[in-house]
Amino acid sequence: MSKPDALTALGEMLGDRLSRSKSDLDLHGRNETYFPFLPPDAVAYPETTDEVAQIVRICAAHGVPLTGWGRGTSLEGHALALQGGVTIDFSRMNRVLKVNSEDMDVVVQPGLTREDLNRELRATGLFFPVDPGANASLGGMASTRASGTTAVRYGTMRDNVLALEVVLPDGRVIRTGTRARKSSAGYDLTGLFVGSEGTLGLITELTLRLHGQPEAISAAVCAFDEIGAAVDTVIQTIQLGIPMARIEFVDAATAAAFNAYASADMPEKPHLMVEFHGSAAGVAEQAESFGEVVAENGGEGFKWSSRPEDRNALWTMRHNAYYACLGLRPGATALVTDMCVPISRLAEAVEETRADIAQASIPGPILGHVGDGNFHAILLVEPDNAAELAEAKALAHRMVERALRMGGTVTGEHGIGMGKLDYMEEEHGAAWDVMGQIKRALDPMTLMNPGKMVRAN
Ligand SMILES: Cc1cc2nc3c(=O)[nH]c(=O)nc-3n(C[C@H](O)[C@H](O)[C@H](O)COP(=O)(O)OP(=O)(O)OC[C@H]3O[C@@H](n4cnc5c(N)ncnc54)[C@H](O)[C@@H]3O)c2cc1C
C-alpha cells in the first residue's frame, strides 16, 4: 500500500489523463483568495462514472487522499489538496445528458458550468437560475451549496438539486433522490451530499430543477446617501412581499471599483441593483412599488430598463465585483467574508460591520445578496503581509461573532473549506459531532478532501 503504487496503477488506467506536469499541479494548487499554494501529487481527468469509481477504489486501496475539483473558484480553499494525493478534475465530464422540458428538469454531468448549461437551454424556454459570480461547475456548486443573485426568488442549490449520483469513498456508486418534485422516502441523502464539499463522496451526475424564462424582465439601479437607507429599503421591500428576482447591495467603495473596472458611471454612494421577473404588466407594477419604497427612504436616480443589453451589462458588472474590488488595491489578495443574518437584523449587521472596517488599516468594500440577509466584505490584503492578514482575520472573526449573536450563520453560501472550520463548533455545538460521525461512517479512512468540514477524530 503506497502512493507511488497508486499513481502507477492510475497512470496505467488513465494514460495521459493522469497528469503530474508542473503546470497542472500549479493550477490545481492555487485558489482564488489568500490560502497558500498546496499542489496535489497528481491530477486525474476521468470521463465516466466508472472511471471515477475505479480511481476511488485504487486510492482507497493505497490510502491516498482524493479531492474533487470543478473550476477551483471556491473562496475558502475548499479544493486544495491539503494532504496531497490525487485531485479529480471533472472538466471532461461536462455534458448535458437529458433535458426533460415537460417536467422542467435536466440531467447533467458535474463538470458542466452554469453558463454552458444556460447556453444549451436557451432554445427550450427554460433556465437554471443559481448564479455564483464565477462561472462555476454544477458539481462544485452542489458541493458548496452555492447560491447567488437570484436566490431570493429561485432558492439555492439546496432547492434546485432533485437527485444525485455519487461515488462513495469505498467506490460504491449510489443514486439519491428521483425526478419527482417531492418524496418522503427515507433520509434525505441528496440534502446530505449538497454542501458536503466533497468530504463524503464525489458527485458524478446531477438532476436539476429548471424554471421557465420569464415573459418580461426589467432591472433597476438606485443610489442612497447612507448604507442604512439602502438596507432599510431592502427590508421593507421583502416585508411588503414585492417579488424581487434579484436585490443586491453594493457600498460606495464597490461603486468606485465598478467605475474603474467596468467604466461605469455611478455616484460613489451605496447602491441597490434589482431585477423583476414576470408578465409585462406585473414587472411594471413591481418596479413602481419598489420605486415608492426607494423614494420613501430618500433613494435617488431610480432608473429601470427592460433592454437585455442594459441588464446584461449590469449583471456582468455585478458578477465581476470581486475582481473589480481586487483592482482597488493592485497586487492585493483578499479574505472574503460571508455572514448571513435574519432579514430583520440586516441593517444592524451591515452598520456594525461598516463601522468596524472603518477603524481598520485595510480596505474592505461591502456588497451582498441582501434580499437573503447575506453580505460580504472583501478584505484586501497584501500577499505575504502577515500583519494585514491577521487584521483581516480579526475583522472576519468579529463578523462571525456578530452573525451568530444575531441568529445567523458564519457562511451564507461560500461554505467551510479551510477558512471556516474553526467556527463549526460555535455554530453547530453537538450537531458538529454528528457531522463527524457521519463522516467516519462513510469515509472511515478520511480520504475524501481530508482536513475539511469536520475534525478527523
Ligand atoms: C468572482 C467570484 C464570485 C463568486 N460569487 C459567489 C456567489 O455569489 N455565491 C456563491 O455561492 N459562491 C460564489 N463564489 C464561490 C464559488 O464560485 C462557489 O463556491 C462555487 O460553488 C464553486 O464551484 P467550483 O466549480 O469552482 O468548485 P471548486 O472550487 O472546484 O470546488 C468546490 C468544492 O467542491 C468540491 N467538488 C468539486 N466538484 C465536486 C464533485 N463533482 N463532487 C464532489 N465534490 C466536488 C471540491 O473538492 C471543493 O471542496 C464566487 C467565486 C468567485 C471567484
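Because the structure is a prediction, the values reported are computed rather than measured.

Reading the values: rules and limits
- Residues numbered from 1 in each chain as written.
- Predicted model: local features only at pLDDT ≥ 70, side-chain atom pairs only at ≥ 80, totals over all residues.
- Heavy atoms only, no water.
- Pairing = 2+ DSSP bridges.
- Helix = DSSP H or I, 4+ residues; strand = E, 2+ residues; numbered from the N terminus.
- Contact = heavy atoms within 4.5 Å.
- Axes fitted to C-alpha atoms, helices over the stretch in contact; angles between N-to-C directions.
- Patch = residues over 30% accessible without salt bridge, like charges linked within 9 Å, V, L, I, M, F, W, Y side chains within 5 Å.
- Areas by Shrake-Rupley, 256 points an atom, 1.4 Å probe, with all protein chains shown as cover.
- Salt bridge = Lys/Arg side-chain N within 4 Å of Asp/Glu carboxyl O.
- Lys, Arg positive; Asp, Glu negative; His and termini not counted.
- Charge placed at Lys NZ, Arg CZ, Asp CG, Glu CD.
- Near = heavy atom within 4 Å.
- Polar contact = N/O pair within 3.5 Å; in protein donor to acceptor, adjacent residues only side chain to side chain.
- 1 Å grid on protein atoms, 1.4 Å probe; cavity = no way out; pocket = protein on both sides within 12 Å on 5 of 7 lines; lining within 4 Å.
- Sits in = over half its atoms within 2 Å of the grid points.
- Nonpolar A, V, L, I, M, F, W, Y, C, P; charged D, E, K, R; others polar.
- Phe/Tyr/Trp six-rings, centres within 6.5 Å; stacked < 30°, edge-to-face > 60°.
- Buried < 20%, exposed > 50% of the residue type's maximum accessible area, 1.4 Å probe, protein only.
- Lys NZ or Arg CZ within 6 Å of the ring centre and 35° of its normal.

**Description of the sheet that holds strand E4 (residues 86-89)**
Thought 1: Spatial strand order, E1-E2-E4-E3: four strands in an open sheet with mixed pairing. Edge positions in the sheet fall to strand E1 (18-19) and strand E3 (66-69), since each has one partner strand and no second.
Thought 2: Where E1 and strand E2 (residues 42-44) come together, two bridges link them in antiparallel fashion. Residue pairing across strands places Ser-19 opposite Val-43, the latter belonging to E2.
Thought 3: Across the face of the sheet, helix H2 (residues 22-29) comes into contact with E1, E2, E3 and E4 while running at roughly 85° to E2.
Thought 4: Helix-sheet contacts for helix H3 (residues 49-62) involve E2, E3 and E4, and the interaxial angle to E3 is about 150°.

**Re a negative patch on the surface**
Thought 1: A cluster of acidic residues, Glu-285, Glu-288, Glu-292 and Glu-296, forms a negative patch at the surface.
Thought 2: With respect to the helices, strands and loops of the structure, Glu-285 is situated in helix H11 (residues 280-296).

**Quick notes on the site of the ligand**
Thought 1: Residues in close proximity to the ligand total 38 residues, the closest being Gly-68, Gly-70, Thr-73, Ser-74 and Ser-137.
Thought 2: Within the side chain of Ser-143, a nitrogen or oxygen atom sits 3.0 Å from a nitrogen atom of the ligand.
Thought 3: Within the contact set of the ligand, a nitrogen atom lies 2.8 Å away from a backbone nitrogen or oxygen of Ser-147.
Thought 4: A total of 980 Å² of accessible area belongs to the ligand in isolation, and the protein chains cover 98% of it.
Thought 5: Assessed atom by atom at 2 Å from the grid points, the ligand resides in the largest cavity.
Thought 6: At the level of secondary structure, the elements contributing two or more residues to the shell around the ligand comprise E3, helix H5 (138-144), strand E10 (202-209) and helix H13 (321-326).
Thought 7: Residue classes in the shell around the ligand are distributed as 14 nonpolar, 20 polar and four charged.

**Let's talk about the packing of aromatic side chains**
Thought 1: One pass over the structure, following the stated rule, counts five aromatic pairs.
Thought 2: Taking the centre distance of 5.4 Å and the plane angle of 85° together, the rings of Phe-127 and Tyr-154 count as edge-to-face. Of this pair, Phe-127 sits in strand E7 (residues 126-127) while Tyr-154 is found in helix H6 (residues 151-154), placing the two residues 27 residues apart along the sequence. This pair shows no difference in class: Phe-127 is buried, exactly as Tyr-154 is.
Thought 3: Three or more aromatic residues joined by ring pairs form one cluster here, namely Phe-276, Phe-290 and Phe-302.
Thought 4: Here the guanidinium or amino end of Arg-246 rests over the ring plane of Trp-315, the centre of that ring lying 4.5 Å away.

**Digging into the pairing of strand E12 (residues 216-223)**
Thought 1: When you tally the buried positions in E12, you get eight out of eight residues, the bulk of the element.
Thought 2: Side chains Ala-216, Ser-218, Ala-220 and Cys-222 project from E12 onto one buried face, and the interleaved Ile-217, Ala-219, Val-221 and Ala-223 project onto a second face that is buried too.
Thought 3: In this structure, E12 lies alongside strand E15 (residues 300-305), joined through four bridges in antiparallel fashion. Of the residues in E15, the one forming a bridge with Ala-219 is Ser-305.

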